[in-house]
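# Close look at the chain arrangement
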Amino acid sequence: MPFSLHGIGVSRGYAIGRTYLLQRNQPEITEYVIPDAIIEDEIQRFLNGLALAHQQLREIRLRIPATSSSDANAFIDTHLLMLEDPSLTEAPIELIRTRKCNAEWALKIQRDALIEIFENMDDPYLSTRKDDVDHVVRRVQRILASEDPAYLSDPDYADLAVSRLEGRIVIAEDLTPADTILMQHQGVLAFVTEYGGPLSHTAILARSLGIPAVVGARNARAYLGHDEPVIVDGRQGVVLVGLDERILRYYRHKQQEERREQRELSKLKGQPAITRDGVTIALHANIELPEDAVAVRDVAADGVGLYRTEFLFMNRADAPDEEEHLASYLHVIKTLEGSPITIRTADLGADKQVDGGRGGSVCTNPALGLRAIRLCLKDLAMFRPQLRAILRASAYGPVRMMIPMLCSVQEVFQVQRLVAETQQELRDRGLAFDERLPIGGMIEIPAAAVCADQFARYLDFLSIGTNDLIQYTLAIDRVDDEINYLYDPLHPAVLMLIHNTIRAGRKARIPVSLCGEMAGDSRYTRLLLGLGLTEFSMHPTGLLEIKRAVQDSHVGELTEIARRLLRTVDTEKYAEILRTIAQN
Ligand code: PEP
Ligand code: MG
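These remarks concern the structure in this document. This is a predicted model, so every value here is computed, not measured.

Spanning 22 residues, helix α10 (residues 245–266) covers 31 Å between terminal C-alpha atoms, matching the ideal 32 Å at 1.5 Å per step. Ile247, Leu248, Tyr251, Gln255 and Leu265 are the residues of α10 that are buried. For α10, the arc enclosing every buried residue in end-on projection is 100 degrees, short of the 170-degree limit, so these residues lie on one face. Counted as exposed and oriented over 90 degrees from the buried face of α10: Arg246, Arg249 and Arg263. The elements touched by buried residues of α10 are β3 (14–21), β7 (229–233), β8 (238–241) and α21 (543–551).

Structure below.
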């Protein structure tokens, strides 16, 4: 019988296909006594488990496509080495013999001991190895504790990199941005998660992949089977199960309509984004990986308004070095053939955690903690190679550098000092860079939006990050689906902060862009034009739709209506003016 599951549609489109259930549940590990007579058998069982784990990882490694952008190979190599290390091969055997316990338990004891050692290490790199120990031990424990052979093939973190997800609809409890990056270019049709909000980086990645996605579909894994035919409606946030011919026909028709719409939009590619009253609007694109630059070129965007470089840090145990940063930037510069590229310095932390543990400390409110520029300024060993690479890249094309999550101008001064030092270093090394590299900042903390005048004085450009600005202004966790209904880009406080930032930029005669998800949502285009915005940056898949909205708009009229909106205190009138803007 057909039924539907409901969540939040975070990436539009319709997918018809079979499910791939991602189960990562860890079996309960308990201790039991092994009689003397079968101790050797238990040791053999343990060795078999190790061998199978080794084989699984080798297979996964082979199946990672050469085009995979992430450093999944290095990640898996580390784990293969660990599986050969005496601390995980010999020590548990000794424990099985002396304690007469089962292999899973021996591994648990050894794991706890290793984690304690790693946690007490001063060296931050070595202390991050504890995550690797956990990954490896969990894999072997799952193999040992599994009665059901099918369980052995359960996907794990790295399995996401393999091609068996191709043509499937991935159903997961949750996906981290790192998982989603691994799924890039694997031909996944759609994904559905039980948790997560529409502004999470996982959702943002789905939009940039251009695949339908639904998040917050609670208990999806309990209702859906593996390899089950389903439809994902990323527009309505619905997953349909128990399909009959009538439903299939309806959605196939929807897919056709959507393709037709895309064909219509593609005609706008070569056209300029000019409003009805002749105002030229710059439409830039957001990218996460160097490979995304192709999509930017395909929609003929004016450039990259936000390059989220933190994704280079994911799915690996170490931090990228200067050359690796540089290679990624040069790839984008080359692909974009002279269009400007705004490289944002690593915005790690909060929901963008990395395996190497550089995502800030474990704290109650990671979004309010050590993330973005705060983390970079604290971890200069990580930050300096990126600064050097950005500067070096600027010798090859029109590059701008952007600082995320600024809160006070002191942070700007700190970055400027570091940049000056880096420039001197490069001069000493005889390396070229653009002496006038523009440095801009993201306005995504309300304090920065209120004080936008100050930032505009010391920076070359501003970019409004509405995803975080809304989160922090309205005190709504952007990844929490339970309070998602409160996430309101049209809240008067949000619009006032956006307007104040645009005004500050105009006064200081510096460009102001908006690169949060709001920029790629055509429901807000007219409003933003009315607030004075002339530069938008969004995922490339949404750019042509925004261009169409721009071409249909009249800035002069919208400015007048937006002015009235900002003055209105009456909530009903406020809603009415918003409706007028939407229709104008
Ligand atoms: C934002 O906060 O609006 C933004 C563009 O940055 P991110 O989504 O990467 O936090
Ligand atoms: Mg942000």
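Now for the layout of surface pockets. In this model, the largest pocket occupies a volume close to 1400 Å³. What lines the largest pocket is a set of 44 residues, among which Val10, Ser11, Arg12, Arg207 and His539 lie closest to the centre. No other element matches α10, which puts eight residues into the lining of the largest pocket. Of the residues assigned to the lining of the largest pocket, the class counts are 16 nonpolar, 15 polar and 13 charged. Each of two domains, domain 1 (1–22 + 160–267) and domain 3 (277–583), supplies a minimum of three residues to the lining of the largest pocket.

Next up on the list: the sheet that holds strand β15 (residues 512–514). In spatial order, the strands read β9-β10-β11-β12-β13-β14-β15-β16; together these eight strands close into a barrel with parallel pairing. Between one strand axis and the next, the sheet turns through 25 degrees on average, direction left out of account. The pairing of strand β10 (residues 304–308) with strand β11 (residues 341–344) spans three bridges and is classified as parallel. Each bridged residue has a counterpart across the sheet, and for Tyr307 the counterpart in β11 is Ile343. Along the sheet, α21 contacts β9 (282–287) and β16 (535–538); its crossing angle with β9, the most-contacted strand, is approximately 160 degrees.

By size, the foremost hydrophobic cluster in this structure holds 95 residues, and its most contacted members are Phe455, Ile498, Leu528 and Phe536. In this structure, Phe536 is in contact with Ile281, Ala282, Leu283, His284, Ser513, Leu514, Ala519, Thr525, Leu528, Leu529 and Ile546, ignoring residues within four places of it in sequence. Residues Ala53, Leu57, Leu95 and Val133 belong to the second largest nonpolar core, which totals 30 residues.

Here we take up the sheet that holds strand β1 (residues 3–6). In spatial order, the strands read β1-β8-β7-β3-β4-β5-β6-β2; together these eight strands make up an open sheet with mixed pairing. Looking at which strands have only one partner, the edges of the open sheet turn out to be β1 and β2 (8–11). Taken over all neighbouring pairs, the strand axes of this sheet differ in orientation by 30 degrees on average, direction set aside. Alignment of strand β4 (residues 168–172) against strand β5 (residues 190–193), held across four bridges, turns out to be parallel. When the bridges of β5 are listed, Ile171 appears paired with Val192. The strands that helix α8 (residues 201–209) touches are β2, β5 and β6 (213–215); relative to β2, the one it contacts most, it runs at about 55 degrees. This element, α10, spans β3, β7 and β8 of the sheet and lies at about 115 degrees to β3.

Coordination of the magnesium ion (ligand 2) by the protein is provided by Glu444 (OE) and Asp468 (OD), with metal-donor distances spanning 2.0 to 2.1 Å. Taken together, the residues Glu444 in the loop between β13 (439–443) and α16 (446–450) and Asp468 in helix α18 (residues 466–474) connect sequence positions 24 residues apart. The exposure class assigned to Asp468 is buried, which follows from its relative accessible area of 3%.

Attention shifts here to the packing of α10 against α21. Look at α10 against α21: their axes get within 9 Å of each other, and the N-to-C directions meet at 65 degrees. The way α10 lies across α21 gives a crossing that is left-handed. Residues Glu261, Leu265 and Ser266 of α10 form the contact with α21, whose own contacting residues are Leu544, Glu545 and Arg548.

As for its placement among the helices and strands, Thr422 is situated in helix α15 (residues 409–428). Since its relative accessible area comes to 1%, Thr422 is described here as buried. Those residues in contact with Thr422, other than ones at most four positions away along the chain, are Leu387, Arg388 and Leu391.

Another aspect to go through is the pairing of β4. The buried fraction of β4 is high, at five of five residues. Neither face of β4 is open: one carries Arg168, Val170 and Ala172, the other Ile169 and Ile171, and all of them are buried. Bridge count between β3 and β4: four bridges; the pairing is parallel. Looking at β4, one finds that Thr19 is bridged to Ile169.

Let us now look at empty space enclosed by the protein. Throughout the structure, instances matching the rule amount to three cavities of 30 Å³ or more. Reported here for the largest cavity is a volume of approximately 80 Å³. Lining the largest cavity are 16 residues, with Arg308, Arg344, Glu444, Asn467 and Asp468 positioned closest to its centre. The set of elements that each furnish at least two residues to the lining of the largest cavity consists of β10 and α18. Top element by residues in the lining of the largest cavity is α18. It accounts for three residues. Here the residues of the lining of the largest cavity are counted per class, giving three nonpolar, five polar and eight charged.

Another aspect to go through is the packing of helix α14 (residues 380–393) against α15. Closest axis-to-axis distance for the α14/α15 pair is 10 Å, and the angle between their directions is 65 degrees. α14 and α15 meet at a crossing whose hand is right-handed. On α15, the residues touching Leu380, Phe383, Arg384, Leu387, Arg388, Leu391 and Arg392 of α14 are Leu418, Val419, Glu421, Thr422, Gln423, Glu425 and Leu426. Of the residues that constitute the contact of α14 with α15, the class distribution is seven nonpolar, two polar and five charged.

Cut-offs used in this document
Residues numbered from 1 in each chain as written. Chains lettered and ligands numbered in written order. Predicted model: local features only at pLDDT ≥ 70, side-chain atom pairs only at ≥ 80, totals over all residues. Heavy atoms only, no water. Helix = DSSP H or I, 4+ residues; strand = E, 2+ residues; numbered from the N terminus. Expected span 1.5 Å × (residues − 1). Buried < 20%, exposed > 50% of the residue type's maximum accessible area, 1.4 Å probe, protein only. Arc of directions from axis to C-beta. Contact = heavy atoms within 4.5 Å. 1 Å grid on protein atoms, 1.4 Å probe; cavity = no way out; pocket = protein on both sides within 12 Å on 5 of 7 lines; lining within 4 Å. Points joined across faces, edges and corners; volume = space filled by probe spheres on them. Nonpolar A, V, L, I, M, F, W, Y, C, P; charged D, E, K, R; others polar. Domains from an automatic or database assignment. Pairing = 2+ DSSP bridges. Axes fitted to C-alpha atoms, helices over the stretch in contact; angles between N-to-C directions. Core = buried A, V, L, I, M, F, W, Y, C linked by side-chain atoms within 4.5 Å. Donors = N, O, S within 2.8 Å, 3.2 Å for Na, K, Ca; no water. Left-handed = near helix turned anticlockwise from the far one by under 90°.

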